[in-house]
Every structure is written in C-alpha cells, then in structure tokens.
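Structure assessment
Single-letter residue listing:
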Amino acid sequence: MHLTPLAMAVNVANAGVICLVTWSQVSHTFLLGWSAAICGLAALGLRGWLHGRGRSRRTASMRGMRRAVVQASALSALWAVLPLSLLAKVDTGAQFIVGMVVTGMVCAGGFALSTVPAAATAWVVMLGTGSVLALWRSGMSVAGGAALMLGLYCCIVIFSAWSWARSFGARLVAEARADRQNEVIGLLLRDFEDHASDLLWELDARGRFRHVSQRLASTLGVTSGVLRGLSATRLLSRAIANAGEDGVARWAALQQLMARGTAVREHLVAFAGVDGLSWWSISTHPLLDAKGCTEGWRGVAANVTDKHQAHLRLTWLAHNDALTGLVNRTQFRELLQTLLAGAPVQPLAVALIDLDDFKQVNDSLGHAAGDELLRLVGERLLSVARRSDTVARLGGDEFAILVRGAASPAELSALCGRLLDALAAPCEVFDLAIATRASIGIAVTSADGSGVDSVMNHADVALYEAKHSGGQRWCFFEPAMADAGRRRNALAASLRHAVERGEFSLVYQPQVSSGDGRVCGFEALLRWQHDEHGQVSPTEFIPIAEAAGLMPEIGAWVLAEACRQAALWPSGLTVSINVSAAQLEGKQSFIECVEEAAHGLRPETVELEITESALVDDVDGAVTTLRALRAKGFRVALDDFGTGYSALGYLRQLPFNTLKIDRSFIRDIVNDGESRVLVETILAMSRGFGMTAVAEGVERPEEAEMLRARGCDLLQGYLVSQPLAADQVGTFLAEWPKRAQDTLRLPAPHMA
Ligand code: C2E
Ligand code: MG
Ligand code: MG
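For the structure given in this document, a descriptive report is provided here. (Residues numbered from 1 in each chain as written. Chains lettered and ligands numbered in written order. Predicted model: local features only at pLDDT ≥ 70, side-chain atom pairs only at ≥ 80, totals over all residues. Heavy atoms only, no water.)

**With respect to the environment of R437**
What counts, and what does not: Numbering of helices and strands runs from the N terminus, with a helix taken as a DSSP run of H or I at least four residues long and a strand as a DSSP run of E at least two residues long. Whether two residues are in contact is decided by their heavy atoms: any pair within 4.5 Å suffices. In protein, a polar contact means a hydrogen-donor-capable atom and an acceptor-capable atom, both N or O and within 3.5 Å, with residues adjacent in sequence counting only if both atoms are side-chain atoms; elsewhere, any N or O pair within 3.5 Å suffices.
By the element assignment, R437 lies in the loop between β9 (432–434) and β10 (438–444). Between the C-alpha atoms of R437 and A422, which are 15 residues apart in sequence, the distance is 10.0 Å. Apart from residues lying up to four places away in sequence, R437 is in contact with D354, L355, D356, D357, G470, G471 and Q472. Of the polar contacts made by the side chain of R437, one reaches the backbone oxygen of G470; its length is 3.0 Å.

Dropping the structure here:
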C-alpha cells in the first residue's frame, strides 16, 4: 500500500492529461465533473493511506481489504466511463492517447493493487470491460483486434496479480513466523544471559566487545558501560599471561582460528586471576556483513574449570600411581618407547627394584603400614635418582628407574649401591623403624634397537637372578640369564600338563634310627620326567611351579600318591611329604586335601615337611594351618633347618614334631669344628623342645657315628640309600637289616 500516493498522483495526472488532450472536443462540464470525481476519489484514497500509515505493511484488516476493493471498483468505474463516453467522439490522436492511458491504467493499476488481488481484479475487470465495450461501440476499423488484445492483457494482469499475491502472502506468513521466532529467541537469550552458567559475547571486527550483558561484564570485573568497546585481548592480557606459557599459547591459537574466519568449537583457554586458574571453553562463529566480510564474532564462553580439573586428575591417574605419585607402568613403558624410538637413540638403562620382604610387612603390620612404607620407598628412590631419571612404581612392591644418558656399569653399580643404602636406612612407619631390603635387576639398552618388551624382560630376568641369589643386591642382565629365563618359561609351560600326562613319580628315601638302624619311615621325593626336558630336578622345577601357581595341584597329587604307597608298607612306618608355601596358603582346602589323602593311614604316620622359607611369607597363616593339622594328629617337620634366617622364632611359635638338620651342616661335621658345634647346639635345642632330630644327607659312616654319639635320632642320606622307586621299597626293607650294622658302624649288641 506504500504505492498509494504515487498511484493517486498518477490518477490525477492522467485525468489532467485526458482533459488537456480532449478539452477542445468534449463537453467541458463532463470533463470537469469527471476530473473532480477522480480527484475526490484520489483524495479519499490518500486520506485512507495517511490514516493507516503507522501500521505495519504486513497487517491488513478485512475491513481495510474491503475498503480497498470498493475504492478500486469506484475509481476503475470512473475510468471506465472515459472510453465509453469519449472514444467515439474524439479524433484519432485523442483516441490514441485515451487508449494508451486506459491500457496503462489497466496494467499499472492491476500491478499496484496486486497485494489485494480482489481489488486488482475489480479494477482490471471494470476498466477492461468498459474499454472493450467502448472499442466495440467506437466503430474503429481495429476495434475488434484491439478489444481482443486488451481482454487478453486483462486476463494476464489478473492472473499475475493473483499469483504474485499468493507468493507475497506466503512471504508475509514466513516473515511473521520469523518475527515470532526472533521474539522467542530474544526472550530465551535474555533468560540465558541472566541465568545460564555460560556467557554470551559479541565482538566487532577489531575484537572489541559489542553486545555485552550485565553478567558478562560482572564476570570480567568491569561495568557493562566500560566493557562495551573494550578490546577483549587487552582486557584479558594479564589473566592470559598469568596462566603461563600454556595459557598464552592457547589464546594465540584461538586468535589464529578466529582470524581464519571459520567457526570455533569448544576451544579451551586458561585465565589466572586472584581466584587461581580457571578454564573456559570458547565456541564462536563469525558474523558476516552483506558482502560476506567478517564484521564481528558472536560466541559462548563456558566455565569448565571443574570439568577440566577432573579431566586433568583422570589423565594424571592414568599416568601416575595414586599412592606414591610416581609415574605408573603404562607411562613408564610409553616413555621408554618414545626414548627408544628417538633418533639418535640415547643409551638408557632400566633398573627394576623389588622389595625383598614387603609381604611380611603387609601381613604383620597391615595394609596401611604397607602403603606408608611404599610411599616412603618412592620418596627415597626419588631422592637418590638424578633429576633426569624417571622413577616409577610398576605395581605392588615393584619400582623402576629409567636412567638416561651413557652411564657406565660402574656408575650404574654406584647408583644401585646408593639405592640399597637409602632403603636400608630405617623408615618410620607408624612409630616402627623398618629397614627395607631390595633386589635390583638392570638392563642396558643396546644400540641395535632394543624394544620396550625386550628391555623390560631383560631387567626382569636380572631381577629374578638378584632375588634368587639371596636379595639385597643388584644384577646386570647377561645373555646367559635370558637362556635361563627362556628355560624357566618352557618348564612352566610343560609343568601345566605334567600331572594329567602322568609325568610325575615319587621316590622314597629311608630314614633309619641312628641307635639301632631300624627303618622308621621314608621321605617321598618328587621326580619329573619330561619327553623333551628329560629328568628335571625338583630344586629347579618346584620354584617354577610355585611361581606359576601350580603347586596346589602338584602338591595334592604328591600327597595322594605318597599316602597311597605308604598304605602298602608294613604298619608303623612314617611317610614324610614335602609341602611348599603355596600349598599352605590354601589353608582349609589344604587341610582337607591332607585328610582326604591320608584317610587310610594313621595320622601319626604322616609327616608334613615344611621349609623355613615357606614360613617366611605368611607366618601367622602357616602357624594356624599347621596347628590345625597337628590337632588332627598329623606330624609336622621343619625341613632344611639352619638355612633360613630366624628359625628359633618359629620353633617357639610352632612346636614341630621333627627337626631336619640341613645337609650343608652334616657335610662338614667330620672336618669342620664349627659345623660340629653348630650341629651339637641344634641337637641340644631339639631335645629341649622335645623334637625328633633327623640328619639329612648323611653320606659317610663317620658322620653316622658322630651323629649317633651326639644324640641325633634319625639318619637319612645316600649312606643308607639313594631315594628308591616305589617298587624297590620292599626289597630295601628286606635287605637293609643285613647291612645296617656295617653301614652305620653300629655296635653289635644293639642290632635289632
Ligand atoms: P629335601 O626335602 O631337603 O630333600 C632332600 C634332598 O636331598 C633330596 O633331593 C634328596 O635326593 C637329597 N639327598 C638325600 N640324601 C642325600 C645325600 O646323602 N647327599 C646329597 N647330596 N643329597 C641327598 P631332591 O630329591 O633333589 O629334592 C630336593 C628338594 O626338592 C627337597 O629337599 C625338597 O625341598 C624339594 N622337594 C622334593 N620333592 C618335593 C615335593 O614333593 N614337594 C615339595 N614341595 N618339595 C619337594
Ligand atoms: Mg624334605
Ligand atoms: Mg631337606
């Protein structure tokens, strides 16, 4: 409707043109009356337009539409009068002008009124009909053709007006909908700015704040008046610089991304203020002007400090050990991997450190004390290692140090010495002073490109060697050790199937009375015959089976088999069965296993031999289990006495029935005075505790004589017999009395 003034002006101007052109040929009264009517209607139209000017061009009432139709009808009727009354009366020149004006009015009016298609239709139909009628009545030679063309134009104008009106209407509806959406978005944004945790911001092309909310301003510590027009980088420069190198780099990266003109999603930046470090996630997109140039930025800033700190903590935990704060196994391996892959490869050494007696601390003082000790051990290792080295806790009581740079074996040895000394100095753990012993295995990387697995494996093999040579020492990896390690692995793999494949057997070594040579019983000793590995000594395969967790199964087989054989022997003979620490750990199931195996035997003929080292790991647990077995009538022997550390303590805690003196003492008893005194002391002690003393590894008659003279009860060793296969036991029992006197140099009257 904004065309109304122009349309009205055209109406008046055209009326004037018509008057001028036809003034001399038509009645002046008609012309003046007609022109006045046109001007009157034009004035009315103008008034209506002035009246409704304040309203949006998109809102039109039904009344307004009706008025437009009536006005258009009236005006077009007036214009239709013109050709009807004049065309036949004026000369050809005037006819031409009238025709042009009317045709122009049909078309221009039709288009001008197209926003109200009913008005446009009324206009075109009225004016068109009047003009066609006038042509028909004019008697002009071209009247028929002209009327036809005019009719056609009218149809086209009406059709165009309606179709344009339809698209105009659709556009109006879409614009109205967009307006409503903008209103809703505006409301939501206001609510967001007031209440959400995220901040909305808008910068102009030079990076100065443009749209600022109250909350954004107060978060940045200024008033919104000050903030508007302030450069974001200048305002935040100190907070960015205080966030350190990382903070500066993150901000620079954000600026680069923005300068590229692409949208940025959740870019993390850091600021440091009086409240400490805060982390913000920035998402933004460029605002483009009509030419597609960036005229500013709009975005959201979300405070993600808590989330980021939680993420940092998780990342830290993924790479560090929570208890000691040291690097963990994963991170240690990754670091080693990176250094090994670096060029040029720098020489490195990995030292694996394992505490020798940690399990004891854990078991006797509790896990809290164990944790505290591990923490202190971590601190001590850190205090000895150089800054360039990496100290890690790989798990349990196993630590590692990655030594960088070319350290000579002498330097590495010096480091290990310092480490062991540092650990040996007593640690204060819950008011107790604990000195820690440790074993260290060292592997040095070779220039020919060692992998992480091979370096770690070599250090592990060296650690095994250090541990099995008594602990509290370090060992460098040597290729020969790897062969030993490979053999251990192969044996462990074969041992898994040894029971089911029937590869085990037992041999029995007699124990005879030193006084009269009478056979008192046999010790069952395990033998393993493997197709590939041949006959393997129990001293080699039993520790491997223990480490591989196979001892409960193997031990159960030994118990069952030994008891089955013993049931076939003459009554009164004991069977001594060796038991390893791993079996004792089963506690109740172990007791049940013994009872089940020995159900056909009198319990006092079954003796369980436990070594001192089996007791070291879990004294209390072992003592309880062994007490329970004793309560059921079984006998318990302490094997290899004298080879452990603190046997006396165990003797007091657990009254063993039998004490077996290790053969290392017996071997030297004849020639070495010290060994002799030691054996005498052990024998006196066993008498004091009321225990039966058994001498192991008796090989010579002099040893037998000496032991008898000092009151040792039983003798066992090659002097009496090699361990015998099960089917040789009967023959031995039959033959032995004949040679006992000579073999043991027994005085004749005492022979049984
Ligand atoms: P042990 O219980 O102290 O067994 C005595 C070992 O000394 C046996 O070695 C035996 O053959 C050997 N021996 C006996 N008399 C003499 C002698 O006069 N001179 C010398 N030099 N050696 C003698 P073996 O059979 O090789 O067993 C070694 C160790 O393996 C045993 O020491 C025991 O600790 C362990 N073992 C053997 N069988 C079993 C078993 O069934 N279960 C468990 N857990 N350990 C076993
Ligand atoms: Mg034994
Ligand atoms: Mg022994």
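**Things to note about the sheet that holds strand β7 (residues 398–404)**
Threshold: Paired strands are those between which DSSP finds at least two bridges. Each axis is a line fitted through C-alpha atoms, taken for helices only over the stretch in contact, and angles between the N-to-C directions span 0 to 180 degrees.
As summarised here, the arrangement of the five strands in space is β6-β7-β5-β10-β11, forming an open sheet in which the pairing is mixed. What marks the edges here is a single partner per strand, and that holds for β6 (390–395) and β11 (473–476). In this sheet, neighbouring strand axes are inclined to one another by 20 degrees on average, regardless of whether the strands run parallel or antiparallel. Relative to β7, strand β5 (residues 348–355) runs antiparallel, the two being bridged by seven bridges. Pairing of V350 across the sheet is with L402, part of β7. Running at roughly 15 degrees to β7, helix α14 (residues 367–384) makes contact with β5, β6 and β7 of the sheet.

**Digging into the coordination of the magnesium ion (ligand 2)**
Let me state the cut-off plainly: Sites may look incomplete because water is not among the atoms; the donors themselves are N, O and S atoms within 2.8 Å of the metal, or within 3.2 Å for Na, K and Ca. Residue exposure (1.4 Å probe, protein chains only): buried if accessible area is under 20% of the type maximum, exposed if over 50%, otherwise partly exposed.
Coordination of the magnesium ion (ligand 2) by the protein comes from E523 (OE), N578 (OD1), E609 (OE) and D639 (OD), over a distance range of 2.0 to 2.2 Å. Here the donor residues of the magnesium ion (ligand 2) share one chain and are spaced in sequence as E-x54-N-x30-E-x29-D. Separating the magnesium ion (ligand 2) from the magnesium ion (ligand 3) is a gap of 3.9 Å, which D639 spans by donating to each of them. Of the two residues, E609 is situated in strand β16 (residues 606–611) and D639 in strand β17 (residues 635–641); the sequence distance between them amounts to 30 residues. Judged by its relative accessible area of 1%, E609 is buried. Residue class for D639 comes out buried when judged on its relative accessible area of 4%.

**As for the pairing of strand β3 (residues 276–288)**
Sheet topology note: the strand β2 (residues 264–273)/β3 ladder contains eight bridges and is antiparallel. Following the sheet pairing, A270 is matched in β3 by W279. Here β2 folds back onto β3, and the loop between the two strands holds two residues. The sheet contact formed by β3 and strand β4 (residues 294–303) spans nine bridges and is antiparallel. By the bridge assignment for β4, L287 is matched with G296.

**Quick notes on the pattern of salt bridges**
Applied cut-off: Here a salt bridge means any side-chain nitrogen of Lys or Arg lying within 4 Å of a carboxyl oxygen belonging to Asp or Glu.
In this structure the tally under the stated criterion is 33 salt bridges. Of the charged contacts in the structure, one is a salt bridge between E202 and R210, with a shortest N-O distance of 3.1 Å. Classification of E202 by relative accessible area gives buried; the value is 11%. Residue R210 is classed as partly exposed on the basis of its relative accessible area, which comes to 28%. R375 serves as the salt-bridge partner of E379, at 3.0 Å between the closest nitrogen and oxygen. Taken together, the residues E379 and R375, both in helix α14 and four residues apart, mark about one turn of the helix. When its relative accessible area of 44% is taken as the criterion, E379 is described as partly exposed. By sharing partners, the salt bridges in this structure join D354, D356, D357, R437 and K467 into a single network.

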